[in-house]
Amino acid sequence: MIWLIGNKGMLGSDLEQGLKEKDIPYTASDVEVDITDIDNLRKFALKKEITWIVNCSAYTAVDKAEDEQALAFKINADGVLNIAKIASEKNAKLIHISTDYIFDGEKEGEYFEIDEPNPMGIYGMSKLKGEKNIIQTIQKYFIIRIAWLFGKNGNNFAFTMLNLFKERDELRVVSDQWGTPTFTKDLVDLLLKIIDDNSDNYGIYHFTNIGRTNWYNFAYEIYKTAKKYKLIEKDIVISPINTEDFPTKAKRPKNSLLSKEKTINTFGIKIQSWEEAVDDFILNLSATYKRASK
């Protein structure tokens, strides 16, 4: 049985749907089972034959983390340690979702799994500590680092842009931070394959869609595709700006490009481009809206 932790979030909700579609036995929990309370976790896991734990829970408020350091570490480090301990006690395999924010973004080109982490902010530091807690606690783990996550559920950049397109005629978007978006649907396909294969290729992996872009181009692609599928009718001017023109409390990596070579070779998967992922996302959203309006 799979234990999906964080089933109400952006990724967890899509993964739960995938588990249902594949008829894979699972149990799920969210905030009602506090990962920072190991006794709470043990109580939930008691008498359950858990073979895999997939942790989709996290503290993800990047800017707020600068003011809520204790809470970020409590969830992303201490909570993850508790989950790793439970995995060890149940002799279960663990899949944990991590982030590009464990890197400082100063490297030219792609980041590989063996590159030295150097987080710039509290969020990245807390996620890196969570990774280390897993590695020091169990051997049967898959740490999947992702970037720029978007999907049909929860708050994310794609939905923020779609909402802003409805409200405004002009937008300014940062164009000097580079990386690749991660579509939840494609990430779910990878997670389900790892589980389906009952893989024992443990370790750290990187996953995003294929290609390289910046936030400005990502926004423009969302706009262009939304117009194509008639989610947006009006013309909008989108202008590129530099990071210093849009200050944030937490510093963002200028380069979040993650190499997928190890992931592709190990699991034998094909990953669609980020542009195809945006098209997939908008097309499905359009179909959902049309069904709802009938």
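All of these numbers come straight from a predicted model, not from anything done at the bench.

Thresholds applied
Residues numbered from 1 in each chain as written. Predicted model: local features only at pLDDT ≥ 70, side-chain atom pairs only at ≥ 80, totals over all residues. Heavy atoms only, no water. Axes fitted to C-alpha atoms, helices over the stretch in contact; angles between N-to-C directions. Helix = DSSP H or I, 4+ residues; strand = E, 2+ residues; numbered from the N terminus. Parallel < 35°, antiparallel > 145°, perpendicular 65-115°, else oblique. Left-handed = near helix turned anticlockwise from the far one by under 90°. Contact = heavy atoms within 4.5 Å. Nonpolar A, V, L, I, M, F, W, Y, C, P; charged D, E, K, R; others polar. Salt bridge = Lys/Arg side-chain N within 4 Å of Asp/Glu carboxyl O. Buried < 20%, exposed > 50% of the residue type's maximum accessible area, 1.4 Å probe, protein only. Expected span 1.5 Å × (residues − 1). Bend = angle between axes of the 7 residues up to and from the residue. Pairing = 2+ DSSP bridges. Lys, Arg positive; Asp, Glu negative; His and termini not counted. Polar contact = N/O pair within 3.5 Å; in protein donor to acceptor, adjacent residues only side chain to side chain. Core = buried A, V, L, I, M, F, W, Y, C linked by side-chain atoms within 4.5 Å. 1 Å grid on protein atoms, 1.4 Å probe; cavity = no way out; pocket = protein on both sides within 12 Å on 5 of 7 lines; lining within 4 Å. Points joined across faces, edges and corners; volume = space filled by probe spheres on them.

Quick look at the packing of helix α3 (residues 69–90) against helix α4 (residues 122–137)
At their nearest, the axes of α3 and α4 sit 8 Å apart, and the two run at 15° to each other. On the basis of their axis angle, the class for α3 and α4 is roughly parallel. When the axes of α3 and α4 are compared, the crossing they make is right-handed. Of α4, the residues touching α3 (which contributes Q69, A72, F73, N76, A77, D78, V80, L81, A84 and K85) are I122, Y123, M125, S126, K127, K129, G130, N133, I134 and T137. Tallied by class, residues from the contact of α3 with α4 come to ten nonpolar, six polar and four charged.

Brief notes about the pattern of salt bridges
Taken as a whole, this structure holds 14 salt bridges when the rule is applied. A salt bridge links R42 to D39, with the nearest nitrogen and oxygen atoms 3.6 Å apart. In this pair, R42 and D39 are both assigned in helix α2 (residues 38–45), three residues apart and thus about one turn of the helix distant. Between K234 and D169 there is a salt bridge whose closest N-O contact spans 3.3 Å. Taken together, the positions of K234 in the loop between α7 (215–228) and β12 (237–241) and D169 in the loop between α5 (157–167) and β7 (170–174) put the pair 65 residues apart, joining distant regions of the chain. D169 sits in the partly exposed class, given a relative accessible area of 49%. Shared partners join several salt bridges into a network, and the residues in it are D39, R42 and E89.

Details of the packing of α2 against α3
Contact pair α2 / α3: the axes reach a minimum separation of 10 Å and the direction vectors enclose 35°. In the crossing of α2 with α3, the sense of the turn from one axis to the other is right-handed. In this structure, α2 uses I38, L41, R42 and A45 to contact α3, whose residues at the interface are N82, I83, K85, I86, E89 and K90. Residues that form the contact of α2 with α3 fall into these classes: five nonpolar, one polar and four charged.

Let's talk about unusual backbone geometry
Negative phi is the rule for most residues except glycine; trans is the rule for most peptide bonds. A positive phi angle, near 55°, is found at D23, a position not held by glycine. Looking at where D23 falls in the secondary structure, it is placed in the loop between α1 (10–21) and β2 (26–29). Its identity as a non-glycine residue notwithstanding, K230 has a phi of 60°, on the positive side. By the element assignment, K230 lies in the loop between α7 and β12. Note on K230: relative accessible area 61%, which makes it exposed.

Regarding α3
Residues spaced three or four apart along an α-helix face the same direction, because each turn holds 3.6 residues. Compared with an ideal rise of 1.5 Å per residue, which puts 22 residues at 32 Å, α3 spans 31 Å between its outermost C-alpha atoms and is within 8% of the ideal. I75 marks where α3 bends most, by close to 30°. Among all positions of α3, only A72, N76, A77, G79, V80, N82, I83, A84, I86 and A87 are buried. Its buried side turned inward, α3 meets β1 (2–5), α2, β3 (52–55), β4 (93–99) and α4. In the segment just after α3, N91 is the residue with positive phi, at about 55°.

Overview of the sheet that holds β2
One open sheet holds the six strands; their spatial order is β2-β1-β3-β4-β5-β10, and the pairing between them is parallel. Each of the sheet's edge strands pairs with one partner strand only, and the pair in question is β2 and β10 (203–206). With direction set aside, neighbouring strand axes in the sheet form an average angle of 20°. In this sheet, β2 lies alongside β1 in parallel orientation, the contact comprising four bridges. In the sheet register, I5 faces β2, and the bridge partner there is S29. Its contacts with the sheet put α4 on β4, β5 (141–146) and β10, and the angle it makes with β4 is roughly 160°.

Section: the side chain of E16
Relative to the assigned elements, E16 resides in helix α1. Buried within the structure, E16 lacks any salt-bridge partner; its nearest side chain of opposite charge belongs to K20, at an N-O separation of 4.4 Å. Of the polar contacts made by the side chain of E16, one reaches the side chain of N7; its length is 3.1 Å. Setting aside residues no more than four positions away along its own chain, E16 makes contact with L4, N7, Y26 and A28.

Description of the nonpolar core
In terms of nonpolar packing, the biggest core is built from 36 residues, with M161, L162, F165, F218, I222 and F281 touching the most fellow members. Taken together, the elements giving at least two residues each to this core come down to α5, β7, α7 and α9 (274–293). Beyond its immediate chain neighbours, meaning those up to four positions away, F218 contacts W148, F150, F157, P181, T213, W274 and V278. The next biggest cluster of nonpolar side chains, apart from the first, holds 26 residues, and it includes I144, L187, I194 and I269.

Observations concerning the layout of surface pockets
Rolling a probe over the atoms, with the probe sized like a water molecule, indicates the empty space that remains. Size it by volume and the second largest pocket reaches roughly 420 Å³. The wall of the second largest pocket is formed by 18 residues, among which D14, Q17, K152, K185 and N284 lie closest to the centre. Listed by contribution, the elements that provide at least two residues to the lining of the second largest pocket are α1, α6 (184–196) and α9. At six residues, the largest contribution of residues to the lining of the second largest pocket is made by α9. Its residues placed into classes, the lining of the second largest pocket shows six nonpolar, five polar and seven charged.

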